[in-house]
Amino acid sequence: MLTNWLHRVLPRKSICGGRKREISLAQHNIQADELSFAAEKVITRLQKEGYQAYVVGGAVRDLLLGVTPKDFDVATNATPEQVRKLFRRSRIIGRRFPIVHVMVGPETIEVTTFRGGVVNSHNELGRIMKDASFGTLEQDAMRRDFTANALYYDPQRQVILDFHHGIEDIRNRRLVMIGNPLERYQEDPVRMLRAARLSGKLGFSVDKHTSKPIAECAQLLQREPPARLFDEVLKILFSGNAQACLRQMAVLGLKNTHPLLDALMPGGESDDNIVALALHNTDERLRADKSVSMGFVLAAVLWPHIRDAWQRELAAGMRTNAAMNAAIASERQYVDKRWGVPQRYSVTMREIWSLQPQFENMRGARPYRLLGQPRFRAAFDFMCLRATLGELPQETVQWWQTFQHGSDAEREQLICVAMQMEKTSTRQKRYRNRRNKQSKQEEV
């Protein structure tokens, strides 16, 4: 209550910088044709109607770094309703602060109205609860998180507007928070994760004043909705530099904040665990512009948790398949609710996990039934990760690799070999058990 009253009565702390500078084409070298067709069309339409409109944030930063942006965001002084009237294929979304998604062909452009300089709705910890005030370009620049993201590019005039020396920070590969870092993290704790993600992804150092309050504010992330944290986890996993981002999280003190984030941390600590292997594979596929499966990555991230539950069920005397199903069922609510994993991903995860015990069945019709499963390929790739870590023999991987690509005759031969190996293994096991029993009797 006291914090809310102070925010209403006392003026907001002044934010460093704030003086607009225009950076010409000769200085920044960004050409208008480097923008996507959709972004240029949206900006042209807004400016034609008399509104201010700029490409803003990460897209400008990436263009300055010589990186092709994944998406282009637009900032304007037009209200969401005014933007909605201009574009037939558009919709207003967002509760805390409404924005507009404008669809141009297959591309979606996020259009945000300039934010105002005053926020009147905070909770007792300083967290922004509602932010529906619109403002000027200058006020919007003060509300941005990092200086590298507070850049506005006008493709018509081909100039960049810089309010906080963001271009210098980008050139120095430095991540700097705008304003008082402690207050900014209290306003929105997810900014701490963004600091780790951006510095890890871009190879930036984090300014000491920006990093100093993170360790003491890290526990604020525990109060964030799981769904919002999960969205930020997705950005880390799909950054193309997930392991570097996780290492930055550890350096900045972002540990023991959320179970899903904690499950990710081993991926940045060493390369001898399934999380690291999955993230390394994901990073390589993203850099090669190949598709990745979010369900597969999360299955690897959460596998140690499921594997331990599986082993407990096996130790209790359950058979392999039943033990796995019991482990998945017992952990389902924990994964879906507390970890914030959406249903569309958790279904894929459960299917991959449930197929793992079935790779032990290499005789009769079972291999054919497993091969016909829709998730076979993902489950097989997952098994390969497990074999790399010694959880099962490499011979099993080789058998299934040959089986899935073999002819009918080759598959039947493989099944015969597997049956013979199983019989030999069973005889050896019975022989060992009999010898052990005899030894115990002799001792008595």
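Residues numbered from 1 in each chain as written. Predicted model: local features only at pLDDT ≥ 70, side-chain atom pairs only at ≥ 80, totals over all residues. Heavy atoms only, no water.

## Brief notes about the overall build of the protein
- The helix and strand inventory of the protein stands at 23 helices and 12 strands.
- Each of the 444 residues in the protein was classed as buried or not, and the buried ones make up 46%.
- Of the roughly 22700 Å² of accessible surface on the protein, 49% is carried by carbon and sulfur atoms. (Helix = DSSP H or I, 4+ residues; strand = E, 2+ residues; numbered from the N terminus. Buried < 20%, exposed > 50% of the residue type's maximum accessible area, 1.4 Å probe, protein only. Areas by Shrake-Rupley, 256 points an atom, 1.4 Å probe, with all protein chains shown as cover.)

## Quick word on the packing of aromatic side chains
- In total, this model carries 15 aromatic pairs according to the counting rule given.
- The interplanar angle of 80° and the centroid separation of 6.1 Å between the aromatic rings of Tyr54 and Tyr152 together place this pair among those described as edge-to-face. Of the two residues, Tyr54 is situated in strand β2 (residues 53-56) and Tyr152 in strand β9 (residues 151-154); the sequence distance between them amounts to 98 residues.
- Since its relative accessible area comes to 8%, Tyr54 is described here as buried.
- The exposure class assigned to Tyr152 is buried, which follows from its relative accessible area of 0%.
- Between the aromatic rings of Phe296 and Phe382, the centroid separation amounts to 6.0 Å while the plane-to-plane angle is 85°, which identifies the pairing as edge-to-face. You can see Phe296 sitting in helix α17 (residues 294-315) and its partner Phe382 sitting in helix α21 (residues 376-388), a full 86 residues away along the chain.
- What makes Phe382 buried here is its relative accessible area of 0%.
- Every member of this aromatic cluster is reached through a ring pair, and the members are Phe359, Tyr368, Phe376, Phe380, Trp399, Trp400 and Phe403. (Phe/Tyr/Trp six-rings, centres within 6.5 Å; stacked < 30°, edge-to-face > 60°.)

## Considering the nonpolar core
- The biggest cluster of nonpolar side chains holds 95 residues, and the ones touching the most others in it are Leu46, Leu302 and Trp353.
- In terms of residues, this core owes the most to one element, α17, which gives 12 residues.
- Setting aside its immediate chain neighbours within four residues, Leu302 contacts Leu260, Ala263, Val335, Trp339, Val341, Met349 and Trp353.
- With 17 residues, the next largest nonpolar core counts Leu370, Phe376, Ala379 and Met383 among its residues. (Core = buried A, V, L, I, M, F, W, Y, C linked by side-chain atoms within 4.5 Å. Contact = heavy atoms within 4.5 Å.)

## Points about the pattern of salt bridges
- Overall, the coordinates contain 19 salt bridges when judged by the stated rule.
- With a closest N to O distance of 3.2 Å, Arg61 and Asp62 form a salt bridge. Here the two residues Arg61 and Asp62 agree in accessibility, since each one is buried.
- For the salt bridge of Arg377 with Asp381, the shortest nitrogen-to-oxygen distance reads 3.3 Å. Here the residue Arg377 and the residue Asp381 both occupy positions in helix α21, the gap between them amounting to four residues, near one helical turn.
- With a relative accessible area of 28%, Asp381 lands in the partly exposed category.
- Through salt bridges with shared partners, one network takes in Asp145, Asp188, Arg194, Glu224 and Arg228. (Salt bridge = Lys/Arg side-chain N within 4 Å of Asp/Glu carboxyl O.)

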